[in-house]
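# Summary of structural features
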Amino acid sequence: MSATGVLTLGVAGGTFTLLARPRIGTVPLSRAVTSATGAVLVVALGVLTPAGALHALDATTLLLLFGMLCHVEALRRSGGYEWLAARLVRRAPTARWLTLGTLGLAAALSALALNDATVLLLTPVVVGATRRADVDPVLPLIAVVVGANVGSLATPLGNPQNAFVLAQSGLTARAFVATLLPIALAVLAVTALVLARLADPAPITVDVDVPDVDARWALTSAGFVLATLLALLALPGADPGALAAALGIAHVAFLQWFRRVPGADVLHDVDWGVLVMFAGIFVVVGALERVGAAGALAAATRTAGLPLTAFVLSNLVSNVPAVVLLATTVGSTHDWVVLAATSTLAGVATPIGSAATLIVLDQAARDGVDVSLPRLLRVGAPVAVLGTLVALAVLRLL
């Protein structure tokens, strides 16, 4: 391999490693900046021209994510997330039911909207509720982690890697849901059994204020999200990115005309960093393909098997870059489904397996809650391994 190829491998390795870290010492890291820096470096090395970098971008994935980010921001502004979480914790009679309810709520919300947004909004509510109830917050927070990751597996709208798989695989949204929804439900059942054994059955009283919510706004925004999923299911021939982006813009336009919410404000608060991160990853992976690294990765996948490779790689560089990397080795639609399932379930095994996990741990730490590695591994690792085995067994039956 040439010197440029070696440097490209170094840039890619450094980029993907840093994507899985929220900070180095006291220096905070942005996934968007990390990914964009990697893209700039491979272009600066001459591996890709600027035109080649643009060609490496996948428009369908970026448009699908953009549409979902518009929905998420609109739904967040309605107060629906916080209202649902507060109602849940007020109704929980025991710490066990609080943990299991959190698991279910995180899973349900993540199946319809991106899991990163779900955990970002649920984590502070769960921390505050457990403090008022004098309950150890760690297990409910782990329930947020596992619920959000496993629930997101059910639909192509649940997490960024699913959006990428839908855009690249040729799978219809209907086939995606029909195959992966049963797996998500089965793994959630296994997770509930594990958490029920660990959670405290003692009664609790949670005195938490239920925030105000604009019910009509929340229901309308939820309707747009559901409409996006139904449109993807009903129109398998349509481009999923164009469809999701169109409905996302329609959602923003609706708020502007009928709720008098400036569309610029909504777009300003959209998490553009997710799109920048994906764009950078596409460019870096395009550079790896150019220097021949994709062939070596394909050989490793053939040797170890796609499920094991996806599981291990997801816990080395996080599941989003792992999926984009392994996409160059995937052929059949069955392999795409295996990749989606194993990468998502691997995200609960360790702290760096998914962005959603990192967000929960980072948010909890800011609120003074330390979710230790042993406690996370005690639940996350068995769920990830058992869940992956369950997924592979179900896929074999299907």
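Reading the values: rules and limits
- Residues numbered from 1 in each chain as written.
- Predicted model: local features only at pLDDT ≥ 70, side-chain atom pairs only at ≥ 80, totals over all residues.
- Heavy atoms only, no water.
- 1 Å grid on protein atoms, 1.4 Å probe; cavity = no way out; pocket = protein on both sides within 12 Å on 5 of 7 lines; lining within 4 Å.
- Points joined across faces, edges and corners; volume = space filled by probe spheres on them.
- Helix = DSSP H or I, 4+ residues; strand = E, 2+ residues; numbered from the N terminus.
- Nonpolar A, V, L, I, M, F, W, Y, C, P; charged D, E, K, R; others polar.
- Phe/Tyr/Trp six-rings, centres within 6.5 Å; stacked < 30°, edge-to-face > 60°.
- Buried < 20%, exposed > 50% of the residue type's maximum accessible area, 1.4 Å probe, protein only.
- Contact = heavy atoms within 4.5 Å.

Right, let's talk about empty space enclosed by the protein for a bit. As enumerated under the stated definition, the model contains two cavities of 30 Å³ or more in all. The wall of the largest cavity is formed by 15 residues, among which N115, D116, P160, Q161 and N319 lie closest to the centre. Mapped onto the lining of the largest cavity, the elements with two or more residues apiece are helix 7 (115-132), helix 8 (138-152), helix 9 (160-169), helix 17 (319-326) and helix 19 (355-366). Across the lining of the largest cavity, the residue classes break down as five nonpolar, eight polar and two charged. For the second largest cavity, the calculated volume is near 50 Å³. Lining of the second largest cavity is provided by L19, R31, M277, S318, V320, P321, A355 and L358. Mapped by element, the contributors of at least two residues to the lining of the second largest cavity are helix 17 and helix 19. In the lining of the second largest cavity, the residues fall into six nonpolar, one polar and one charged.

Moving on, we come to the packing of aromatic side chains. The full count for this structure, using the stated rule, is six aromatic pairs. Between F164 and W336 the ring centres are 6.3 Å apart and the planes differ by 65 degrees, which places this aromatic pair in the edge-to-face class. Of this pair, F164 sits in helix 9 while W336 sits in helix 18 (residues 333-346); the two residues are 172 residues apart in sequence, bridging distant segments of the chain. Among the residues examined, F164 registers a relative accessible area of 4% and is labelled buried. Three or more aromatic residues link up through ring pairs in this structure, and these residues are F164, F278, F282 and W336.

So, on to the side chain of Q161. Mapped onto the elements, Q161 comes out in helix 9. In this structure, Q161 is in contact with F278, N319, V320, V323, S343 and T344, ignoring residues within four places of it in sequence.

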